[in-house]
Amino acid sequence: MSRYLDLSRRKFLKTGAVTGVAVFALPLLTRQGPSATAVAAEAADADSDARLFIALQADGTVVITCHRSEMGQHARTAVAQIVADELEADWDRIAIEQALGDKRYGDQNTDGSRSIRFNLERLRLAGATVRHMLRDAAAEQWGVAAADCLVEQHKARHLPSGRTLDFADLAAAVADRQPPSADAVSVKARKDWRYIGEGKPIVDMADILTGKGTFAADVRLEDTVVAIIARPPVVLSKVQSVDAAEARKVPGVIDVIEMPANTEAPVQFRPLGGVAVLASNTWAAQKGCEKLVITWSDSPNDGYSSEAFRKQMEAANEQPGDVHYSKGDVDAALKGAAKTHTAQYYVPHLAQAPMEPPAASARFVDGVLEVWSCTQNPQADQSLIAGMLGLEESQVRVHVTLLGGGFGRKSKPDFAAEAAYLAHETGRTVRVQWRREDDIRHGFYHTVSAQRLEAGLDDAGRLKAWRHRSTFPTIQSTFVAGAEEPGFETDLGLRDPPYALEHIQAETGRVPAQLRIGWMRSVANIYHCFASQSFMAELAEAAGRDHRDFLLEAIGPDRLIDFAAEGSKFANYGGDTDAYPFDTARLKHVLRRATDLADWGRDMPEGSGLGLAVHRSFLSYVATVVEVTVSEDGELTIPKAWVVVDAGTVVNRDSVRNQMEGGSVFGLSAALDAAITVDKGAVQQSNYDDYQVARMPHSPASIEVEVVDSEAPPAGVGEPGTPPFAPALCNAIFAATGKRIRELPIGKQLSA
Amino acid sequence: MIELTVNGEKHSTEAEGDMPLLWYLRDIANLTGTKFGCGAGFCGACTVHIDGTAQRSCSVPLSEAANREITTIEGLAVNGDHPVQQAWAKHQVPQCGYCQPGQIMQASSLLSDNPAPSSADIDSAMQGNLCRCGTYPRIKAALLDLAEKAS
């Protein structure tokens, strides 16, 4: 299905055949084509999405440019579906091309579950615009009224006469036309969508199944040397001395180069520094790197140890914190409650650990720094590299390969900047390969967190007051030296509790960051949802009530919650509150559906249990029910999970299911055994043996996903499946065993 | 000089005997379908067949691969239509796809030993192959589908 562009036949809408456009000699790299540069260049004199995203070849092939990174969420397929649908293109006559980093595409930062939200309407309009151009070109050719013509499945048709013209016959004419203005273009009615909705099989399937997909380390350029880098074990430490004599003796080793140090906070996206070994192949570079003898300087982060830090966070939670949401009088309400309940939760640092470790190739030729990277955010690569090397951004060309998973790690372009630095320094073509150990030890970590929740119940066991305190090193510290006050993390499951309560308060404590803190799939929702949805189950238990009934009652009547009016400056994921209100009816609906599918309330055998959680994140509503069995010696198995998602309008229903399944397994990994711990500033884990992520036997044997039919605007899909899984799992464990998990990972807690 | 057969073709190389087969395949033979994930046999992304059996190419030195028959994802089926590949397409298994060559090589080895594996057999055979995207339920469904056809 996935066909790439033959440059020699490429035609552009405006200028026809490509002439005078630099086509790079890439003997072995023909897949992730470089010609998107040409598309962007064409668009420079006509800021038109039609030209930016769509090109028609002489044979009628529609070339659709995808400007979002493909990392398993099937962005390339979804973008193609939207454009091809509005364009009335035959699905078998399209080709997908991956865009370079270029501001003309607007936002290309593929995180925050925003690809469809930001682009559905924009790409529909682009496709519809070209459809109008095809219709008008055909009408002109026939000398008939455009109103008597329509475009259908790669043909323009004159309705009165039945004559048709194929896109191939119209390619030249369309190339010379100006696109109509947006107000002269009408998009299709929803009922006429062919590809948007149920969706198509993924465009990269054949490549993936045969090993032909080009991921970052698969890029093959002439005369490439491979670099493996030894990085400082503690953030802000640098090389004091290096003895490379033995490394240089390894056959195949070509050079040893010290990287620029990164010793000043904030660390930002800059590489960490260290020493690079360049060799003719990966194995030689790796052996050479192991022979380096490096002394590292002290770092202000040398005192960071996970155990002591946990106490510091928990102590912060015993004090009043910075208040982000306050309604009523929580202190008084808690004092006056018939019953109060308090619990503390802990979630460790985590690493994204995508299956493809970071990798990038770079070369510097004729003043142009060209990079091939598995980046989620190619424009960030451009600006970091330009700034670091004193180049204009226009001199930095970033090719986006397929990503072997991203999960937030690959939003940070430090690894591409390493390749760029080495290429610039040596004049060679350099591929930087991160080992798994580098990925686990030198990441941008999901933060560690401690939370304290306290609630009051009335005589009838109804929830009356809620206080949530959360303390964690903030992502802000990566960008602002010494930052301790959280930023957008408070919008992710802390200042948006969906409960109909008179007394409610959300606070954060302040602690310093001593690792590079980044974001990982669903970010702070992971720990906030784990704590709040576990605590809700604890409260139901304390009240002697059914968890589902208790939760539905706490959410209260159907309404659109106006957090601003209630004293919370909730950012709503940047979504307009008219288009994306916080709708409790939708929240309750997914909860009811998931529990119905799971037959909630049924009798369970000894050692088995069901648990639930519901959460709104990235503007989508997700409820998860997990069934567990825990053996007498504490072995956990998960026969089944049920997920119901309301993400508004969806483009590819099966990809949404896939993301809910994958998001659930990602949440499982965060719960089961994985933890990044730190001693004297250095990460103690190194590979998948001591950083254990979920394997097939741990996974639910099946995950039943229901996607709610909705015509609401599209919301996020990549991340919202993750947050509810861990609390649903731990609530199921409680139902099965009576054991309450308040600290992740679960690890050996069930056999203790 | 080390000689080996890769996807039916004779290879001879001056590469060092301690170089893992993975890096020979990727860096010297330019067969990049076999992926690097961990370098230590923990993740299965580099799985190939050696004399018909799934092994981790990151943990097999080239000297041990000498005179053996190696099959990589590129050589599993000429047209990419091995029953496992077809089942993977039918069940829309891949998300990012990075681990899938290794999963497919592991799964095809399992099926040649045991054409109708049970769910427990599948767990046991596939537990060494990590997928961070979480495609495990679909991999299992695809394999159970093949098992049903075989039995």
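Residues numbered from 1 in each chain as written. Chains lettered and ligands numbered in written order. Predicted model: local features only at pLDDT ≥ 70, side-chain atom pairs only at ≥ 80, totals over all residues. Heavy atoms only, no water.

An unreviewed UniProt entry annotates chain B as Isoquinoline 1-oxidoreductase alpha subunit originating from Chromatocurvus halotolerans.

The name given to chain A in an unreviewed UniProt entry is Isoquinoline 1-oxidoreductase beta subunit, and the organism recorded there is Chromatocurvus halotolerans.

(A) Quick peek at the overall build of chain A. Counting its regular elements, chain A contains 18 helices and 30 strands. What you see for chain A is a C-alpha radius of gyration of 27 Å, in line with the 27 Å of a compact globule of 752 residues. The dimensions of chain A, computed from C-alpha atoms along their principal axes, are 80 × 75 × 45 Å. Considering only intrachain contacts with a sequence separation of at least 6, the fraction spanning at least 24 residues in chain A is 79%. (Helix = DSSP H or I, 4+ residues; strand = E, 2+ residues; numbered from the N terminus. Rg over C-alpha atoms; globule rule 2.2 N^0.38 Å. Contact = heavy atoms within 4.5 Å.)

(B) Seen up close, unusual backbone geometry. Following A:Ala265, the chain continues into A:Pro266 via a peptide bond in cis, with omega recorded as 0°. Looking at the element boundaries, A:Pro266 is found in the loop between strand E11 (253-259) and strand E12 (274-279). Positive phi outside glycine occurs at A:His154, with the angle close to 70°. Take A:His154: it is sitting in the loop between strand E6 (149-152) and strand E7 (155-158). Overall, A:His154 belongs to the buried group, its relative accessible area being 1%. A positive phi angle, near 45°, is found at B:Gln92, a position not held by glycine. Following the sequence through the fold, B:Gln92 ends up in the loop between helix H3 (83-90) and helix H4 (100-113). (Buried < 20%, exposed > 50% of the residue type's maximum accessible area, 1.4 Å probe, protein only.)

(C) Just the sheet that holds strand E2 (residues 9-13) of chain B, in detail. All names here are of chain B. Read across the open sheet, the 5 strands follow the order E2-E1-E5-E3-E4; overall the sheet is mixed. Each edge of the open sheet is held by one strand with a lone partner, namely E2 and strand E4 (53-56). Pairs of neighbouring strands in the sheet enclose a mean axial angle of 40°, with direction left out of account. With 5 bridges joining them, strand E1 (residues 2-6) and E2 adopt antiparallel strand pairing. Paired with leucine 4 across the strands is histidine 11, a residue of E2. In the packing of H4 onto the sheet, contacts are made with strand E3 (47-50), E4 and strand E5 (69-71), and the angle to E3 comes to roughly 35°. (Pairing = 2+ DSSP bridges. Axes fitted to C-alpha atoms, helices over the stretch in contact; angles between N-to-C directions.)

(D) Spotlight on the nonpolar core. A:Leu422, A:Leu729, B:Leu21 and B:Trp88 are the most contacted members of the largest nonpolar core, which has 212 residues in total. Leave out the neighbours within four places in its chain, and B:Leu21 touches B:Leu4, B:Val48, B:Ile50, B:Ser57, B:Val60, B:Pro61, B:Leu62, B:Ala65 and B:Ile70. With 44 residues, the next largest nonpolar core counts A:Ile64, A:Trp91, A:Ala139 and A:Cys149 among its residues. (Core = buried A, V, L, I, M, F, W, Y, C linked by side-chain atoms within 4.5 Å.)

(E) Quick peek at the layout of surface pockets. Residue and element names in this part refer to chain A. Here the largest pocket defines a volume of roughly 860 Å³. Along the wall of the largest pocket there are 47 residues; nearest its centre are Asp111, Gly112, Ser113, Arg114 and Glu719. Among the secondary structure elements, those contributing two or more residues to the lining of the largest pocket are helix H3 (75-87), helix H4 (115-142) and helix H17 (653-672). Considering only residue class, the lining of the largest pocket consists of 21 nonpolar, 19 polar and 7 charged. (1 Å grid on protein atoms, 1.4 Å probe; cavity = no way out; pocket = protein on both sides within 12 Å on 5 of 7 lines; lining within 4 Å. Points joined across faces, edges and corners; volume = space filled by probe spheres on them. Nonpolar A, V, L, I, M, F, W, Y, C, P; charged D, E, K, R; others polar.)

(F) Structural context of the interface of chain A and chain B. Counting from both sides, the interface comprises 61 residues of chain A and, opposite them, 50 residues of chain B. Note on chain A versus chain B: buried area summed over both sides is about 4600 Å², and carbon and sulfur give 59% of it. If you sort the residues of chain A by the area they bury against chain B, A:Leu209, A:Met355 and A:Met696 come out on top, with a joint share of 19%. Taken together, chain A and chain B are joined by 8 salt bridges. Residue A:Asp218 pairs with B:Arg26 through a salt bridge whose shortest N-O separation is 2.8 Å. Our count for the contact surface shared by chain A and chain B stands at 27 residue pairs in polar contact (both at pLDDT 80 or more). For the side of chain A that touches chain B, the elements supplying multiple residues, two or more each, are helix H6 (205-209), helix H8 (282-290), strand E19 (429-433), helix H13 (436-441), H17 and strand E30 (702-707) of chain A. For the side of chain A that touches chain B, the element with the most residues is H17(A), which contributes 9 residues. Tallied by class, the residues present in the side of chain A that touches chain B amount to 29 nonpolar, 19 polar and 13 charged. (Buried area = accessible area lost by both parts, 1.4 Å probe. Salt bridge = Lys/Arg side-chain N within 4 Å of Asp/Glu carboxyl O. Polar contact = N/O pair within 3.5 Å; in protein donor to acceptor, adjacent residues only side chain to side chain.)

(G) Seen up close, a negative patch on the surface. On the surface, a cluster of negative charge is contributed by A:Glu606, A:Glu632, A:Asp633 and A:Glu635. Within the secondary structure, A:Glu632 is located in the loop between strand E26 (620-630) and strand E27 (636-646). (Patch = residues over 30% accessible without salt bridge, like charges linked within 9 Å, V, L, I, M, F, W, Y side chains within 5 Å. Areas by Shrake-Rupley, 256 points an atom, 1.4 Å probe, with all protein chains shown as cover. Lys, Arg positive; Asp, Glu negative; His and termini not counted. Charge placed at Lys NZ, Arg CZ, Asp CG, Glu CD.)

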